[in-house]
Amino acid sequence: MSALITPELVVLDTFLGTEPKDVIRHLAELVVGAGRATEIESLYADALAREAKTATGIPGGLAIPHCRSAAVREPTLALARLSTPVDFGAKDGPADLVFLIAAPEGADQEHLKILATLARSLMKKDFTAALRGASTANEIVALVNTVVAPVAVPAGAHAEGTDNNANAGTGPATSGMKRIVAVTACPTGIAHTYMAADSLVAAAKALGVDLQVETQGSAGLTPLDPSVIAAADAVIFAVDVDVRGRERFAGKPVITAPVKRGIDEPGRLIEEALAAALNPNARRVSGTADLGGASDEKSEHFGQKLKRALLTGVSYMIPFVAGGGLLIALGFLLGGYEITEVADDVVLNNSLFNLPDGGMLTYLGAVFFKIGALSMGFLVPALAGYISFAIADRPGIAPGFVAGAVAGFMGAGFLGGIVGGLLAGVVAASFTKLNVPRWLRSLMPVVIIPLVASIVASGLMFIVLGGPIALLTVGLGDWLNGMTGASAVILGVILGLMMAFDLGGPVNKVAYAFAVAGLGAASLANQAPWQIMAAVMAAGMVPPLAMALATVLDKKLFSLVERENGKAAWLLGASFISEGAIPFAAADVFRVIPASMLGAAVTGGLSMAWNVTSKAPHGGVFVFFAIDNFWLFLLAIAIGTVVSAFAVVGLKRYAVRKRPVDAPEVVLATV
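Treat the numbers as computed from the prediction; the structure is a model and nothing was measured.

A few words on the overall build of the chain. Summing up its helical and strand segments, the chain has 24 helices and 13 strands in all. Within the chain, residue pairs in contact and separated by at least 24 positions form 75% of the contacts whose partners lie at least 6 positions apart. Counting every atom, the chain has about 28500 Å² of accessible surface; 64% of that belongs to carbon and sulfur.

Here the focus is the packing of aromatic side chains. A complete count under the given rule lists 14 aromatic pairs for this structure. Between Y316 and F389, the aromatic rings sit 6.3 Å apart at their centres with planes inclined by 90 degrees, giving edge-to-face as the arrangement. Remark: F389 occurs in helix α13 (residues 379–392) and Y316 occurs in helix α10 (residues 302–335); sequence separation between them is 73 residues. Taking relative accessible area as the criterion, Y316 reaches 31% and is therefore assigned partly exposed. Judged by its relative accessible area of 12%, F389 falls in the buried class. Ring centres 6.0 Å apart and planes at 85 degrees place the aromatic pair Y386 and F389 in the edge-to-face group. One end of the pair is Y386 and the other is F389, both in helix α13 and three residues apart, which spans about a single turn. A single burial state applies to Y386 and to F389, both of which are buried.

Where helix α11 (residues 339–349) meets helix α12 (residues 359–376), the closest approach of the two axes is 8 Å, and the angle between their N-to-C directions is 95 degrees. The angle between α11 and α12 places the two elements in the roughly perpendicular class. Along its contact with α11, which presents I339, T340, A343, D344, V346 and V347, the element α12 presents T362, Y363, G365, A366, V367, F369 and K370. Grouping the constituent residues of the contact of α11 with α12 by class yields eight nonpolar, three polar and two charged.

On to a nonpolar patch on the surface, then. Among the surface-exposed residues, F409, L451, I455, V456, L460, F462, I463 and V464 lie close enough to one another that they form a single nonpolar patch of about 830 Å² accessible area. Ranked by residue count, the leading element in the nonpolar patch is helix α17 (residues 444–481), at seven residues. Note on placement: I455 falls in helix α17.

Going through the model one piece at a time under the given rule, you end up with 17 salt bridges. With its nearest N and O atoms 3.0 Å apart, the salt bridge here joins D264 to K260. Of this pair, D264 and K260 both sit in helix α8 (residues 259–264), four residues apart, which is roughly one turn of the helix. For D264, a relative accessible area of 19% corresponds to the buried category. Among the residues examined, K260 registers a relative accessible area of 9% and is labelled buried. The residue R261 makes a salt bridge to E272 at a minimum N-O spacing of 2.6 Å. On the criterion of sequence distance, the pair formed by R261 in helix α8 and E272 in helix α9 (residues 266–278) is long-range, its members being eleven residues apart.

Moving on: the side chain of R261. R261 sits in the buried class, given a relative accessible area of 14%. Within the local environment of R261, its side chain forms a polar contact with the side chain of E265, the two groups lying 2.7 Å apart.

When you line up the elements, A231 lands in helix α7 (residues 226–231). Each C-alpha atom, one on A231 and one on R179, is 7.1 Å from the other, the two residues being 52 residues apart in sequence. When neighbours within four sequence positions are excluded, A231 is seen to be in contact with R179 and K252.

The next point concerns the confidence of the model for the chain. With 86% of its residues at a pLDDT of 70 or more, the chain has an overall mean of 81. No element of the chain has a lower mean pLDDT than strand β7 (residues 168–169), at 56, and none a higher one than helix α24 (residues 630–654), at 94. Ignoring residues within four places in sequence, the model shows residues 150–167, a span with pLDDT below 50, making 30 contacts including any to other chains. Below a pLDDT of 50 lies the segment residues 658–671, which in the model reaches 19 contacts outside its immediate sequence neighbourhood of four places, other chains included.

On to the pairing of strand β6 (residues 95–104). Counting buried positions along β6 gives ten out of ten residues, so the element sits mostly inside the fold. Two elements, strand β3 (residues 62–63) and β6, share two bridges in a ladder whose sense is parallel. Paired with A63 across the strands is V98, a residue of β6. Relative to β6, strand β4 (residues 66–69) runs parallel, the two being bridged by four bridges.

Notably, N611 is not glycine yet its phi reads approximately 55 degrees, a positive angle. What makes N611 partly exposed here is its relative accessible area of 43%. Unlike most non-glycine residues, N629 shows phi in positive territory, near 55 degrees. If you trace the backbone, N629 turns up in the loop between β13 (627–628) and α24. Classification of N629 as partly exposed rests on a relative accessible area of 39%.

This part covers the side chain of E51. In this structure, E51 sits in helix α2 (residues 40–53). The side chain of E51 sits in the buried core without any salt bridge; R50 is the nearest counter-charge, 6.4 Å away. Once residues within four sequence positions are removed from consideration, E51 is found in contact with I24, T56, P65 and F88.

Thresholds applied
- Residues numbered from 1 in each chain as written.
- Predicted model: local features only at pLDDT ≥ 70, side-chain atom pairs only at ≥ 80, totals over all residues.
- Heavy atoms only, no water.
- Helix = DSSP H or I, 4+ residues; strand = E, 2+ residues; numbered from the N terminus.
- Contact = heavy atoms within 4.5 Å.
- Areas by Shrake-Rupley, 256 points an atom, 1.4 Å probe, with all protein chains shown as cover.
- Phe/Tyr/Trp six-rings, centres within 6.5 Å; stacked < 30°, edge-to-face > 60°.
- Buried < 20%, exposed > 50% of the residue type's maximum accessible area, 1.4 Å probe, protein only.
- Axes fitted to C-alpha atoms, helices over the stretch in contact; angles between N-to-C directions.
- Parallel < 35°, antiparallel > 145°, perpendicular 65-115°, else oblique.
- Nonpolar A, V, L, I, M, F, W, Y, C, P; charged D, E, K, R; others polar.
- Patch = residues over 30% accessible without salt bridge, like charges linked within 9 Å, V, L, I, M, F, W, Y side chains within 5 Å.
- Salt bridge = Lys/Arg side-chain N within 4 Å of Asp/Glu carboxyl O.
- Polar contact = N/O pair within 3.5 Å; in protein donor to acceptor, adjacent residues only side chain to side chain.
- pLDDT = per-residue confidence, 0-100.
- Pairing = 2+ DSSP bridges.
- Lys, Arg positive; Asp, Glu negative; His and termini not counted.

Take a look at the structure:
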């Protein structure tokens, strides 16, 4: 097995820049220079992408950027001891010790265990103090090799630090001692998973708590013993990904948090778990996967809970709308706009062997239109059902769908679906917290909760809320239908800004959901929803197209990986996939996002001003048949793309962070 670190992979007491990306790039250059990776840009991009998911700074002036990358030939460590500390996102300040952990995509288990051991060692103050006190690169290498070298372990025992076993913990519990079990997991599974585990164990020991941890990392896992789980008073999930085998913990009080919080605030997490163990109304683990696995629901503000529920509902609703909208558009293409008047009669009374007047095209047009219309009919029930699901898990689905169907029946539309879903979810969630007899528990999620929550939520929609919300929906529709001139342009500008603000994130989803929600009410006499849909789609296409154009206008401003991403962004942008601009934003958010918003706002405003309409909710230029004034649609996109491209090029050229006057210039030698 090759050495993980060598003197040429160590930089001591050197200025490497003022931002994490500067340090990561220099360390990536060291790895490539040592012949351990094939290409700087790929390794740099992969490490930066991991950094964008969760900051890798940890308490004690440390940072551990890490990644798996196809560019890496063998597992490698590179260390920088910085003369000017850099902020990697740790709560206690910037880091002066930075380890880059680079693993191949197919790294073997032995190497991954050693990398995990190193990560755990960094939680020991004596080890980090020795790293800071070392005077040469050779001393650093010797220190690292001391902790990662294989250790002979007697049969039946576990080597400290090398154990990837679930039963790593504080030791046997004494009488009266509180028992907690925990699971730690991060997307890469190399560093944070194990560091969080060790931080929790150390904090538990200091608090006199018995804590056993299951590390679900890349080096494999050994599940916690079922008897340990059964005896636990509470569970901590310090995870950024789904918990494997989550149903094993069903019924236990749970605290859920990002894995980094397990490193930064282990004591507070344990205190919250102890409080949950004593609280009969504490959130408990259900037997299903957690949609918001990385978030601590008990610590969420009301606004955060509301946002999470709404975004869950929208994300599940969109496939119904996207598929249904495209089918309706195909129906119009094949059968003409008049197909709406005869579709029911055609699909019920005709077939491939008994074609209607108009022949095959009319028949297929009616079939496509009807399938699309039925799919669109699920818009409000699906929205309400999955909002309720986000609040109450599976027991909330049925009452949410029913409340959504009632909202649709009463004409309360999109707004009614939101209110109905929230009502159903709150009622269902309140019943899941009841402490009922064991014989009744099996009936609660499948009979009692759906029945009671449906009666309460749907009853309120029928008796109290449905009518007023329906009036509000009609008023909103009339207002949108009456928009002309400046008001329509302003709405297009606002929607364009929202589409580019977070490139597929919550704000983008709100704008998109607003557009698709109106499609069901659109008609030849009411084309405002189609205009809004066209403005949203056109604006959402601008960011990736603009980044693609910018990489052509001035290649030197972009890395090799970004230039390659730019080639793919042409197709992504043309297909209305705003996320095609995310790699550029992740690398340079303060230049890319403002430039993207500027061009998207221009496009949204122009699309509304030119009365462009889209009957399809997705597809970009590939649904040209569903877009009226298609050439104006393309022109609006082209103008916005050019505006954003020149804006980002200008910002990258002239809005540059200056090097501190007293900062020495660094030249890294490669071997």
